[in-house]
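# Commentary on secondary and tertiary structure
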Amino acid sequence: MTTCLPAGSGKLHYRVRDFKGQGCRKASWVSSVTFSGSIHKELSWSAGASKFLQIQRCNFSQYPINENSKSLRTVTVSSLRDDSTKFFDFAVIGSGVAGLRYALEVAKHGSVAVITKAEPHESNTNYAQGGVSAVLCPSDSVESHVQDTIVAGAYLCDEETVRVVCTEGPERIRELIAMGASFDHGEDGNLHLAREGGHSHHRIVHAADMTGREIERALLEAVLKDPNIFMFEHHLAIDLLTCQDGSDTVCLGVDTLNTETQEVIRFISKVTLLASGGAGQIYPTTTNPPVATGDGIAMAHRAQAVISNMEFVQFHPTALADEGLPAKPTKARENAFLITEAVRGDGGILYNLDMERFMPLYDERAELAPRDVVARGIDDQLKKRNEKYVLLDISHKPREKILSHFPNIAAECLKYGLDITRQPIPVVPAAHYMCGGVRAGLQGETNVRGLYVAGEVACTGLHGANRLASNSLLEALVFARRAVQPSIDHMKSSSLDSSASNWWSRPVVPVSLESNVINKILTMTREIRKEVQSIMWKYVGIVRSTTRLEAAEQKICDLEAKWEEYLFQLGWEPSMVGLEACEMRNFFCCAKLVVSSALARHESRGLHYTIDFPHLEESKRLPTGSHDHQCLKFWPPEPFWLGVEASTI
């Protein structure tokens, strides 16, 4: 792995303090790192990922935790302005299904901070329409679910992980129902099971077309009733706090920015769960909410966690194409409106604008082919015909059935003059799901001790090169539960002193800068953000090439250097932090990880399709991975903040 500082950023350096011999550092402030695709290291689960990632217990007995320093339970944080450091047994970053499910379990054993970037419900979970896949019908089988997952994942999936998830999935669904989640039932009183692309059986548990919202509702209700769980809204996670224990990196908490009060709040914790979701916002058209800026993946990478399979970005084939609506929305959406896979699973047919059905030309499974196949089929039609969208038609089904199965979609389309019971829906592919992320073992453990991952931020080996529809919520539920026991074991064997809070320098908000300077920085940052999104869509989209990927790599590096230089010129200090620049540095990190991983894969597999290597190569059937620690040797010894990549507005 090579470390590259973009031109013009030579003044950005990371310096480290060795605190009292403990080797503690803010390892997370890492500069503009890019990777040369030609020497990108490949890592394989077959080499024993679980063993490689196995956590050894760490006893910080010399730092006993101060039990009196725990925060009072609260949902609003305005009363905590004088409390800049908080101590918890468990810190959970993210309030989607993975974070909340985990929090409810570990709260039986200690205090839990749930740290969420916006409102607690604002997560990818809340936008998940289709449902959760699980074997709940006698005619179905775990083996069938396993095979469907592996086939969809283009044989890159880790079979042991797939088998674990498919086997434990049904029990996780039953737990949700016991907690109060309400799913649709058929006339026979049994759960109504839908079928989606890539599935050989009806196995999708759903709540109309708002399944994620229902799961989130049930989990949030339970969390807010739990006296051991403390919810911190509008807290942006800045970086993980890590410490060196011999050759091992240990996570001891996270620094956050309260974006409402503009205060930096430090969380010291024995165990940290990263459940921060994906990075869909690095593309201009995405079904992900605005909070999905890749913060968790970038933070973990800066903290030396292994990142795998970032080239596999799933583009959902069918997001609502606003250009094709009878009445256009008055303002641009923050995220694309998803038209669930279940519409095609329920008989929806894809047509081009001449009402020619085209999916049978690309795959014998037609509209029920896996998402990567459907997305490429649509992409090919749009490029060949020079059109902006295609049409998805469900209007041949009974009106009552359409409205009962897809009430949310019907209502959204009707706002703009389109009746889906009578007219086809204009759709276009949109960035949807990251199959790659922070490499995890079978219990959600990472190579950083005390740091666990679950949900979209994690790369468990389940999805391989392409996620099977409705397997994401299932994975989040299964791994959130599997991470519980090792987390409890680690928590019980660890203790921290309140003095741990002083081991790292603290970030600060830019109060010294005048408002007109801040406005200039914000304007520049937003422009750069749009440029990065445009580059990712144009050069790192559904169909790729080596030339275009290399161009993207250079353009992103140049933009990063330009952004950093601009901030410095306006008086930005290396220790300053804030929301939009935090997100911007995470944008750069995730974009470069996607590009470098794509350059490393010299074949077309699953979601990664390149015209230079159009065929699947069996010898390449390995996960890509980044375990880049070479940047450590460039760290000067004096304590200092890195610079603008670590600086945020």
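Residues numbered from 1 in each chain as written. Predicted model: local features only at pLDDT ≥ 70, side-chain atom pairs only at ≥ 80, totals over all residues. Heavy atoms only, no water.

Once that is clear, we can look at the overall build of the chain. A count of helical and extended segments in the chain gives 16 helices and 19 strands. Counting only residues that meet the buried cut, the chain has 65% of its 649 residues in that class. Taking all contacts inside the chain whose residues are at least 6 apart in sequence as the whole, residues at least 24 apart take part in 79%. When the accessible surface of the chain is split by element, carbon and sulfur atoms take 50% of a total near 23100 Å². (Helix = DSSP H or I, 4+ residues; strand = E, 2+ residues; numbered from the N terminus. Buried < 20%, exposed > 50% of the residue type's maximum accessible area, 1.4 Å probe, protein only. Contact = heavy atoms within 4.5 Å. Areas by Shrake-Rupley, 256 points an atom, 1.4 Å probe, with all protein chains shown as cover.)

Take the nonpolar core next. Proteins that are soluble and globular tend to have nonpolar side chains buried together. Of all hydrophobic cores here, the largest spans 70 residues; its most connected members are L274, Y283, V532, M536, V540 and V594. Tallying contributions element by element places helix 16 (residues 579-600) first for this core, with twelve residues. Apart from the residues within four sequence positions on either side, V594 is in contact with I282, Y283, M310, E311, V313, M434, M536, V540 and R544. Y102, V106, C157 and I173 belong to the second largest nonpolar core, which has 53 residues in total. (Core = buried A, V, L, I, M, F, W, Y, C linked by side-chain atoms within 4.5 Å.)

What follows covers the side chain of D140. Its location among the elements puts D140 in the loop between strand 4 (132-133) and helix 4 (142-152). The class of D140 is buried, set by a relative accessible area of 7%. At a separation of 3.4 Å, a polar atom in the side chain of D140 contacts the side chain of H201. When near neighbours in sequence (up to four residues on either side) are disregarded, D140 contacts V135, H201, H202 and R203. (Polar contact = N/O pair within 3.5 Å; in protein donor to acceptor, adjacent residues only side chain to side chain.)

With that out of the way, let us pick up the packing of helix 14 (residues 515-539) against helix 16. For any two helices packed against each other, one specifies the inter-axial angle together with the distance between the axes. At their nearest, the axes of helix 14 and helix 16 sit 10 Å apart, and the two run at 20° to each other. One way to sum up the angle between helix 14 and helix 16 is to call them roughly parallel. Judged by the twist between their axes, the crossing of helix 14 over helix 16 is left-handed. Residues L522, T525, R526, I528, R529, V532, Q533 and M536 of helix 14 form the contact with helix 16, whose participating residues are E580, A581, E583, M584, F587, F588, A591, V594 and V595. The residue makeup of the contact of helix 14 with helix 16, split by class, is eleven nonpolar, two polar and four charged. (Axes fitted to C-alpha atoms, helices over the stretch in contact; angles between N-to-C directions. Parallel < 35°, antiparallel > 145°, perpendicular 65-115°, else oblique. Left-handed = near helix turned anticlockwise from the far one by under 90°. Nonpolar A, V, L, I, M, F, W, Y, C, P; charged D, E, K, R; others polar.)

A separate point is the environment of R601. For R601, the position within the fold is in the loop between helix 16 and strand 19 (625-626). Residue R601 is classed as buried on the basis of its relative accessible area of 1%. Discounting chain neighbours no more than four positions away, the residues touching R601 are L156, E311, F312, H608, K620, L622, P623 and T624. Here E603 takes part through its side chain, which lies 2.6 Å from a polar atom of the side chain of R601.

The four strands are arranged 12-15-14-13 in an open sheet whose pairing can be described as antiparallel. Each edge of the open sheet carries a strand with a single partner, namely strand 12 (313-320) and strand 13 (349-351). For this sheet, the mean inter-axis angle between neighbouring strands, taken without regard to orientation, is 45°. Sheet topology note: the strand 14 (residues 390-393)/strand 15 (residues 425-434) ladder contains three bridges and is antiparallel. Residue L391 lies in a different strand from strand 15, and its bridge partner there is P426. (Pairing = 2+ DSSP bridges.)

Pairing within the open sheet is antiparallel, and its three strands lie in the order 4-6-5. Of all strands in the sheet, those with a lone pairing partner are strand 4 and strand 5 (193-194), marking the two edges. Looking at chain direction, strand 4 and strand 6 (residues 204-205) are connected through two bridges and run antiparallel. By the bridge assignment for strand 6, S133 is matched with I204.

So, on to the packing of helix 12 (residues 471-482) against helix 13 (residues 484-492). Packing of helix 12 against helix 13 brings their axes to within 4 Å, and their N-to-C directions diverge by 30°. Classified by the angle their axes make, helix 12 and helix 13 are roughly parallel. The segment helix 12 lies against helix 13, with A480, R481 and R482 engaging V484, Q485 and P486. Among the residues making up the contact of helix 12 with helix 13, the classes are represented as three nonpolar, one polar and two charged.

With that settled, consider helix 12. For helix 12, which comprises twelve residues, the first-to-last C-alpha distance of 16 Å matches the rise-based estimate of 16 Å (1.5 Å per residue) to within 8%. Among the residues making up helix 12, those that are buried are N471, S472, L473, L474, E475, A476, L477, V478, F479 and A480. (Expected span 1.5 Å × (residues − 1).)

It is worth spelling out the environment of L522 at this point. Assignment of secondary structure puts L522 in helix 14. With relative accessibility at 16%, the residue L522 sits in the buried group. For the pair L522 and L567, spaced 45 residues apart in the sequence, the C-alpha separation amounts to 9.8 Å.

This brings us to helix 13. Listed in full, the buried residues belonging to helix 13 are V484, P486, S487, I488, H490 and M491. Those residues of helix 13 hidden inside the fold are in contact with strand 2 (85-93), helix 2 (97-106), strand 10 (263-274), strand 17 (451-453) and helix 12.

This brings us to the pairing of strand 3 (residues 112-115). Moving residue by residue along a regular strand, the side chains alternate between the two faces of the sheet. The alternating pattern of strand 3 places V112 and V114 and A113 and I115 on opposite faces, both of which are buried. For the segment spanning strand 2, helix 2 and strand 3, crossover handedness is right-handed. Relative to strand 7 (residues 229-232), strand 3 is paired through four bridges, and the arrangement is parallel. Opposite V112, over in strand 7, you have I229 as the bridge partner. (Right-handed = clockwise from strand over helix to strand, strands pointing away.)

In this section: unusual backbone geometry. If a residue is not glycine, its phi is most likely negative; likewise, a peptide bond is most likely trans. Even without a glycine there, the phi angle at A154 is positive, about 55°. At S470, a residue that is not glycine, the phi angle is positive and equals roughly 65°. Among the secondary structure elements, S470 is positioned in the loop between strand 18 (458-459) and helix 12. Judged by relative accessible area, S470 falls into the buried class, the value being 4%.

This part is about the pairing of strand 9 (residues 248-258). Burial analysis of strand 9 places ten of its eleven residues in the buried class, the great majority of the element. Where strand 8 (residues 235-245) and strand 9 come together, ten bridges link them in antiparallel fashion. Looking across to strand 9, one finds that L241 is bridged to G253. One ladder, built from six bridges, connects strand 9 with strand 10; its direction is antiparallel. Note on strand 10: the bridge partner recorded for N258 is E263.

All right, on to the confidence of the model for the chain then. When pLDDT is averaged across the chain, the result is 83; 82% of the residues are at 70 or more. Note on residues 1-82: pLDDT is under 50 here. Beyond four places in sequence and across chains, it has 258 contacts. Throughout residues 627-649 the model reports pLDDT below 50, and contacts reaching past four residues in sequence, or to other chains, amount to 98 contacts. (pLDDT = per-residue confidence, 0-100.)

Here the structure, examined in full by the defined rule, presents eleven aromatic pairs. Between the aromatic rings of F88 and F230, the centroid separation amounts to 5.2 Å while the plane-to-plane angle is 65°, which identifies the pairing as edge-to-face. Highlighted residues: F88 in strand 2 and F230 in strand 7, separated in sequence by 142 residues. Consider the rings of F315 and W537, whose centres lie 5.9 Å apart with planes at 70°: the pair is edge-to-face. Of this pair, F315 sits in strand 12 while W537 sits in helix 14; the two residues are 222 residues apart in sequence, bridging distant segments of the chain. (Phe/Tyr/Trp six-rings, centres within 6.5 Å; stacked < 30°, edge-to-face > 60°.)

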